[in-house]
Amino acid sequence: CIIVHRDGITFDCNYKTITFPAGVCPRPIAIGVYGQNNEIKNCRIVTGGLGIDVSGLGVDICSNNKIYNNYIKSEYCSVDSPGIRDRFCTNTNILGNYFYKYYESILITGSDDTKVSGNSFKESRYIGIRIYNSSTISIINNIACESSNTDIHNSFPRGPIYGSGNTCDKTVNFNDIE
């Protein structure tokens, strides 16, 4: 739907809604971020597909992106897409977002130095935050409860994962340090 394929872009939805027609499955990516030093904020996204995709092809291609203050709701489709996917990036900040009924609310895969803080998850259909093959990930002060499987799941540890102040009760390979 919206592709940010440059560096240094601030995309402020100003609380407008991005949505897809009912019954269109699989639904595409609502916002794709493929660059450095970009910000995506204040968006309301209603989709059954991937909400926000932050993705890079190598270590320095996707870096220093900030995704914050977004409302992301899944209208159920047969696809199991995450609300936000951070893939092959460095130094991504995912801050203060609200997720409702996603299969995986946040998926971090192949990324380094990601910070996930102040997010809320309601009724994730599988996992609230999933970390796969990533390192130096900070998971701080999130409300990630009521997931059907796991609230925070570190499924293939590659490096340190830090956490504190999270409200959750079902975790795999993850512990908060108070």
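Residues numbered from 1 in each chain as written. Predicted model: local features only at pLDDT ≥ 70, side-chain atom pairs only at ≥ 80, totals over all residues. Heavy atoms only, no water.

(A) Highlighting the nonpolar core. Counting 32 residues, the largest nonpolar core has Ile 31, Ile 40, Ile 45, Ile 52, Ile 84, Ile 106 and Ile 139 as its most contacted members. Contributions of two or more residues to this core are made by strand S4 (31-33), strand S7 (52-55), strand S13 (104-109), strand S16 (127-132) and strand S17 (137-140). Setting aside residues up to four positions removed in sequence, Ile 40 forms contacts with Val 4, Phe 11, Ile 31, Val 33, Ile 52, Lys 66, Ile 67, Tyr 68 and Asn 70. (Core = buried A, V, L, I, M, F, W, Y, C linked by side-chain atoms within 4.5 Å. Buried < 20%, exposed > 50% of the residue type's maximum accessible area, 1.4 Å probe, protein only. Helix = DSSP H or I, 4+ residues; strand = E, 2+ residues; numbered from the N terminus. Contact = heavy atoms within 4.5 Å.)

(B) The arrangement of the state of the cysteines in detail. Counted by the stated rule, this structure contains 2 disulfides. There is a disulfide in this structure between Cys 13 and Cys 43, and the S-S distance comes to 2.0 Å. Here the disulfide of Cys 13 and Cys 43 is right-handed, its torsion about the S-S bond being about 70°. In this pair, Cys 13 sits in the loop between strand S2 (10-12) and strand S3 (17-19) while Cys 43 sits in the loop between strand S5 (39-41) and strand S6 (44-47), placing the two residues 30 residues apart along the sequence. Note on Cys 13: relative accessible area 8%, which makes it buried. The disulfide partner of Cys 62 is Cys 89, and the gap between their sulfur atoms is 2.1 Å. One disulfide, between Cys 62 and Cys 89, carries an S-S torsion of 85° and so falls in the right-handed class. (Disulfide = S-S within 2.5 Å.)

(C) Highlighting the sheet that holds strand S20 (residues 161-164). Strand order in the open sheet made by the 7 strands is S2-S5-S8-S11-S14-S17-S20, with parallel pairing throughout. Edge positions in the sheet fall to S2 and S20, since each has one partner strand and no second. Going from strand to strand, the sheet's axes swing by 5° on average, the running direction of each strand aside. Pairing between S2 and S5: 3 bridges, direction parallel. Following the sheet pairing, Asp 12 is matched in S5 by Lys 41. (Pairing = 2+ DSSP bridges. Axes fitted to C-alpha atoms, helices over the stretch in contact; angles between N-to-C directions.)

(D) Structural detail: the packing of aromatic side chains. On inspection of all chains with the given rule, the structure shows 4 aromatic pairs. The ring of Tyr 71 has Arg 44 sitting right over it, with the charged end atom 4.5 Å from the ring centre. In this structure, Lys 66 is placed above the aromatic ring of Tyr 68, and the distance from its NZ or CZ to the ring centre is 4.3 Å. (Phe/Tyr/Trp six-rings, centres within 6.5 Å; stacked < 30°, edge-to-face > 60°. Lys NZ or Arg CZ within 6 Å of the ring centre and 35° of its normal.)

(E) Up close: the sheet that holds strand S12 (residues 98-100). What the 6 strands build is an open sheet, ordered S3-S6-S9-S12-S15-S18; its pairing is parallel. Strands with a single pairing partner mark the edges of an open sheet, and in this sheet they are S3 and strand S18 (143-144). Summarising the sheet, S12 and strand S15 (residues 120-122) pair through 3 bridges and their orientation is parallel. Note on S15: the bridge partner recorded for Phe 99 is Phe 121.

(F) Seen up close, the pattern of salt bridges. Going through the model one piece at a time under the given rule, you end up with 4 salt bridges. In this structure, Arg 85 engages Asp 53 in a salt bridge whose closest nitrogen and oxygen atoms are separated by 2.8 Å. Of this pair, Arg 85 sits in strand S10 (residues 82-87) while Asp 53 is found in strand S7, placing the two residues 32 residues apart along the sequence. This pair shows no difference in class: Arg 85 is buried, exactly as Asp 53 is. Here Arg 130 ties to Glu 104 by a salt bridge, and the two come within 2.9 Å at their closest N and O atoms. In this pair, Arg 130 is assigned in strand S16 and Glu 104 in strand S13, connecting sequence segments 26 residues apart. If you follow the salt bridges from partner to partner, you end up with Asp 53, Arg 85 and Arg 87 in one network. (Salt bridge = Lys/Arg side-chain N within 4 Å of Asp/Glu carboxyl O.)

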